[in-house]
Amino acid sequence: EGERPLTGRTALVTAGPTHEPVDPVRYIANRSSGTQGYAIAAALAAAGADVTLVSGPTTLPDPPGVRTVRVETAREMLAACMACLPCDIAVCTAAVADWHVVPAAQKIKKTTPDAVPTLQLLPNPDILATLSQPSPTRPRLVVGFAAETEQVADHARAKRLRKGCDWIVANDVSPATGIMGGTENEVMLIDATGCEHWPRLDKAEVAHRLVARIATFLHTPPNT
Ligand code: C5P
């Protein structure tokens, strides 16, 4: 309590990209650095929560005081998350690949310069939507992220409903903002009642404020 308002709570955070192998040496990935998710995991731990960080491949060190589980693919990330249930809080910041391919057993060879391989993309599980589904083990609070490049609030509100999560932290990741891979973030927090715009802040400060909001939410009895 007080200084460590999440003492006794359990939390799951997903972070980073996923890598979807194409063959033994190639993969499909994205530019997520994991910075915001690692900062949230660290802030939850600093607030006293028992935190599991399920991370895709990143160059970041494990946050102090956090159980870090490293995974590669979206399907591995989902399995690692399900193994964390039940928990009180889930925050999904990972930039999960939307698709995977069935990887070739051997390195795909160039044959003639004109012959290009065709990759058949298959859907990946939606981890946030899965964690949000009504279930006896659903976390009490599920928070998703929405990286958008236009109509940020509208798209994020729609995403909140589609995914079934409680809150969405939305941000504009247009290249000009420098947010993707940068140290700062400018977000909107969207819940069932509305939308709150936060100023541009260091990602650690965004994490700190989000954790303060989570603590307030968990200390407020339902139906008040
Ligand atoms: O659908 P979209 O990728 O825009 O949704 C972003 C939110 O959903 C993020 O919270 C992200 O971590 C989560 N997500 C997920 N599993 C996926 C795709 C997205 O958990 N396969």
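Residues numbered from 1 in each chain as written. Predicted model: local features only at pLDDT ≥ 70, side-chain atom pairs only at ≥ 80, totals over all residues. Heavy atoms only, no water.

So what's going on with the pairing of strand β4 (residues 50–55)? Residues and values would help.
For β4, the tally of buried residues reaches 5 of 6 residues, placing the bulk of the element in the interior. Direction of pairing for strand β1 (residues 10–15) relative to β4: parallel, over a ladder of 6 bridges. By the bridge assignment, Thr-10 is partnered in β4 with Asp-50. Examined bridge by bridge, β4 and strand β5 (residues 67–70) share 4 bridges and lie parallel to one another. In the strand pairing of β5, Val-54 is matched with Val-69. (Buried < 20%, exposed > 50% of the residue type's maximum accessible area, 1.4 Å probe, protein only. Helix = DSSP H or I, 4+ residues; strand = E, 2+ residues; numbered from the N terminus. Pairing = 2+ DSSP bridges.)

Can you break down the packing of aromatic side chains residue by residue, with the values?
Under the definition given, this model contains 1 aromatic pair. Consider the rings of Trp-167 and Phe-217, whose centres lie 5.6 Å apart with planes at 80°: the pair is edge-to-face. You can see Trp-167 sitting in strand β10 (residues 167–172) and its partner Phe-217 sitting in helix α5 (residues 203–219), a full 50 residues away along the chain. We classify Trp-167 as buried; its relative accessible area is 6%. Residue Phe-217 is classed as partly exposed on the basis of its relative accessible area of 29%. (Phe/Tyr/Trp six-rings, centres within 6.5 Å; stacked < 30°, edge-to-face > 60°.)

I'd love a proper account of the sheet that holds strand β12 (residues 187–191), names of residues and values included.
Taken together, 8 strands build an open sheet; the order of strands is β5-β4-β1-β6-β9-β10-β12-β13 and the sheet is mixed. Looking at strand neighbours, the two that pair on one side only are β5 and β13 (194–197), the edges of this open sheet. When the angles between neighbouring strand axes are averaged without regard to direction, this sheet yields 15°. Here β1 pairs with strand β6 (residues 89–92) via 4 bridges, running parallel. Each residue of the ladder has a partner; that of Val-13, found in β6, is Val-91. (Axes fitted to C-alpha atoms, helices over the stretch in contact; angles between N-to-C directions.)

Report on the pairing of strand β2 (residues 20–23), specifying residues and quantitative values.
Where β2 lies against strand β3 (residues 26–28), 3 bridges are found, and the strand directions are antiparallel. Bridging across to β3, Glu-20 finds its partner in Ile-28. What sits between the antiparallel neighbours β2 and β3 is a turn of 2 residues.

Explain the nonpolar core to me, using residue names and the numbers behind them.
In terms of nonpolar packing, the biggest core is built from 34 residues, with Leu-6, Leu-44, Val-51, Val-91, Leu-210 and Ile-214 touching the most fellow members. Elements represented by at least two residues in this core include exactly β1, α1 (35–46), β4, β6, β9 (141–148), β10, β12 and α5. Discounting residues that sit within four places of it in the chain, Leu-44 has contacts with Leu-6, Ala-11, Val-13, Ala-49, Val-51, Val-211 and Ile-214. Leu-12, Cys-87, Cys-92 and Val-152 belong to the second-largest nonpolar core, a separate cluster that totals 26 residues. (Core = buried A, V, L, I, M, F, W, Y, C linked by side-chain atoms within 4.5 Å. Contact = heavy atoms within 4.5 Å.)

Outline helix α4 (residues 152–163), listing residues and values.
Helix length check: α4 (12 residues) gives 16 Å between terminal C-alpha atoms against 16 Å at 1.5 Å per residue, within 8%. Within the span of α4, buried status applies to Val-152, Ala-153, Ala-156, Lys-159, Arg-160 and Lys-163. For α4, the angular spread of the buried residues around the axis is 125°, confining them to a single face. Within α4, the exposed residues directed more than 90 degrees away from the buried face are Leu-161 and Arg-162. For α4, the secondary structure elements touched by its buried residues are α3 (127–132), β9, β10 and β12. Positive phi shows up at Gly-164, right after α4, with a value of about 80°. (Expected span 1.5 Å × (residues − 1). Arc of directions from axis to C-beta.)

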